[in-house]
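Inside the fold
Single-letter residue listing:
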Amino acid sequence: MVGTELAELAAAGATAMAGAVATDLWAQVRDRVGRLLTRGREGRVEAARLEVDYAELLDAEELEQPEVRARVERDWEQRLLTVLTTHPDAAVELRDLLETLRPGPGTRVEVTNIHNQISGSTHGLTLLVGKVDNLNNRTGDITDPGRG
């Protein structure tokens, strides 16, 4: 593989890893990437680094710190690129992981529109930024915990 291809694969891997952090797939991704990054070495340090990165990403999401996510992704990208460069067979494993994370054909993605009301007047673009709590993932309903 050419260096550019390896860099693109490492970047895709880092992005996919970060995307999996807040999902049920994280445990699987963590284990597979941990094995990929250690490549036969003792993996306790790498496993601990992945757990620290995981906690940092969760906190960054909650505290709305996109710069932390970008830093962790760059670090993962560099670590993956190092492994891909020194162990060319690792590219197959990373591609397999990416394929696992890619939605299959016919995967249904539901999008729910939520009505937001803004009081007052606005001139130009209005952005609503925040996080949704109490979302029922099955129905898309938002429940108010104060309404018992």
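These figures come from a predicted structure and were not determined experimentally.

**What about the nonpolar core?**
When a protein is soluble and globular, its nonpolar side chains tend to lie buried together. Membership of the largest hydrophobic core comes to 27 residues, with the highest contact counts inside it found for Met 17, Val 29, Val 33, Trp 76, Leu 80, Leu 84 and Leu 94. If you list the elements that add at least two residues to this core, you get helix H1 (3-20), helix H2 (26-38), helix H3 (44-62), helix H4 (66-86) and helix H5 (90-101). At 7 residues, the largest contribution of residues to this core is made by H1. Setting aside residues up to four positions removed in sequence, Val 29 forms contacts with Met 17, Ala 20, Leu 97 and Leu 101.

**Examining the packing of aromatic side chains**
Pairs of aromatic rings are described using the distance from one ring centre to the other and the angle between the two planes. Throughout the structure, instances matching the rule amount to 2 aromatic pairs. Pairing Trp 26 with Tyr 54 gives two aromatic rings, centres 5.3 Å apart and planes at 10 degrees, and the pair type is stacked. With a gap of 28 residues between them, Trp 26 in helix H2 and Tyr 54 in helix H3 connect regions that are remote in the sequence. On the accessibility criterion, Trp 26 (3% relative accessible area) is buried.

**Points about the pattern of salt bridges**
For the structure shown, the criterion picks out 9 salt bridges. A salt bridge links Arg 49 to Glu 46; its shortest N-O distance comes to 4.0 Å. Pair noted here: Arg 49 and Glu 46 are both in helix H3, with a separation of 3 residues, about one helical turn. The class for Arg 49 is partly exposed, based on a relative accessible area of 34%. Between Glu 56 and Arg 71 there is a salt bridge, and its shortest N-O distance comes to 2.6 Å.

**A short note on the side chain of Arg 79**
Looking at where Arg 79 falls in the secondary structure, it is placed in helix H4. In this view, Arg 79 contacts Leu 37, Glu 46, Arg 49, Leu 50 and Asp 53; residues no more than four positions away in its chain are not counted.

**Looking at the environment of Leu 80**
Mapping Leu 80 onto the fold places it in helix H4. With 67 residues separating them in the primary sequence, Leu 80 and Gly 13 have C-alpha atoms 7.6 Å apart. Beyond its immediate chain neighbours, meaning those up to four positions away, Leu 80 contacts Ala 10, Gly 13, Ala 14, Met 17, Leu 36, Leu 37 and Leu 94.

So, how was this worked out
Residues numbered from 1 in each chain as written. Predicted model: local features only at pLDDT ≥ 70, side-chain atom pairs only at ≥ 80, totals over all residues. Heavy atoms only, no water. Core = buried A, V, L, I, M, F, W, Y, C linked by side-chain atoms within 4.5 Å. Buried < 20%, exposed > 50% of the residue type's maximum accessible area, 1.4 Å probe, protein only. Helix = DSSP H or I, 4+ residues; strand = E, 2+ residues; numbered from the N terminus. Contact = heavy atoms within 4.5 Å. Phe/Tyr/Trp six-rings, centres within 6.5 Å; stacked < 30°, edge-to-face > 60°. Salt bridge = Lys/Arg side-chain N within 4 Å of Asp/Glu carboxyl O.

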